[in-house]
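Geometric and topological summary
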Amino acid sequence: MPPTNFVPISRSGDFKMSARWGPVPDGFVHGILLGYHVYYTKIQQTGRPVTTQIHKKIFGPYEHNTTILLLDNFAIYNLEIAAFTIKGDGARSQIKDGCK
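Residues numbered from 1 in each chain as written. Predicted model: local features only at pLDDT ≥ 70, side-chain atom pairs only at ≥ 80, totals over all residues. Heavy atoms only, no water.

**Overview of the side chain of E80**
To be explicit about the condition: Helix and strand labels come from DSSP, where a helix needs a run of H or I of at least four residues and a strand needs a run of E of at least two; each type is numbered from the N terminus. In protein, a polar contact requires one atom able to donate a hydrogen and another able to accept it; more generally it is a pair of N or O atoms within 3.5 Å, and residues adjacent in sequence count only if both atoms are side-chain atoms. Should any heavy atoms of two residues lie within 4.5 Å, those residues are considered in contact.
On the secondary structure map, E80 appears in strand 7 (residues 75–85). For E80, the side chain forms a polar contact with the side chain of R92, separated by 3.1 Å. In contact with E80, not counting residues within four places along its chain, are F6, H37, V38, Y39, R92, S93 and I95.

Next up, the structure:
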């Protein structure tokens, strides 16, 4: 099960976007939680469809928010999050729209 309440906050300033989430529900972490991967993909730039490579950032197990930097202005991004253990990622959240 993915982390709960994953919410992108799209207007945090030029070239950046914030997101927050809750923990994975009790009983759904199989192993020791090491952190979270936030995946983001640019899907549109100045009104034209584009697809860029999926990027990910790693955060500690007690972090429940982040700001993603160095984004392109006037672009739309899709975001997902997954908790991870030493064995790898758990289930990803539903794709969330976050726009610039």
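**Notes on the pairing of strand 2 (residues 17–20)**
To be explicit about the condition: If DSSP finds at least two bridges between two strands, the strands pair.
Where strand 1 (residues 7–9) meets strand 2, three bridges bridge the pair, whose relative direction is antiparallel. Bridge pairing in strand 2 links I9 to S18. Pairing of strand 2 with strand 6 (residues 65–68), which is carried by four bridges, proceeds in the antiparallel orientation. Among the inter-strand pairings, R20 is bridged to a residue of strand 6, identified as N65.

**Some remarks on the sheet that holds strand 6**
In plain terms, the rule: Axis geometry follows a simple rule: fit a line to the C-alpha atoms, using only the stretch in contact for helices, then measure angles between N-to-C directions, giving values from 0 to 180 degrees.
Judged by pairing direction, the sheet is antiparallel, and its three strands sit side by side in the order 1-2-6 without closing on themselves. Each end of this open sheet is capped by a strand with a single partner; those strands are strand 1 and strand 6. Each strand of the sheet is rotated relative to its neighbour by a mean of 20°, with strand direction disregarded.

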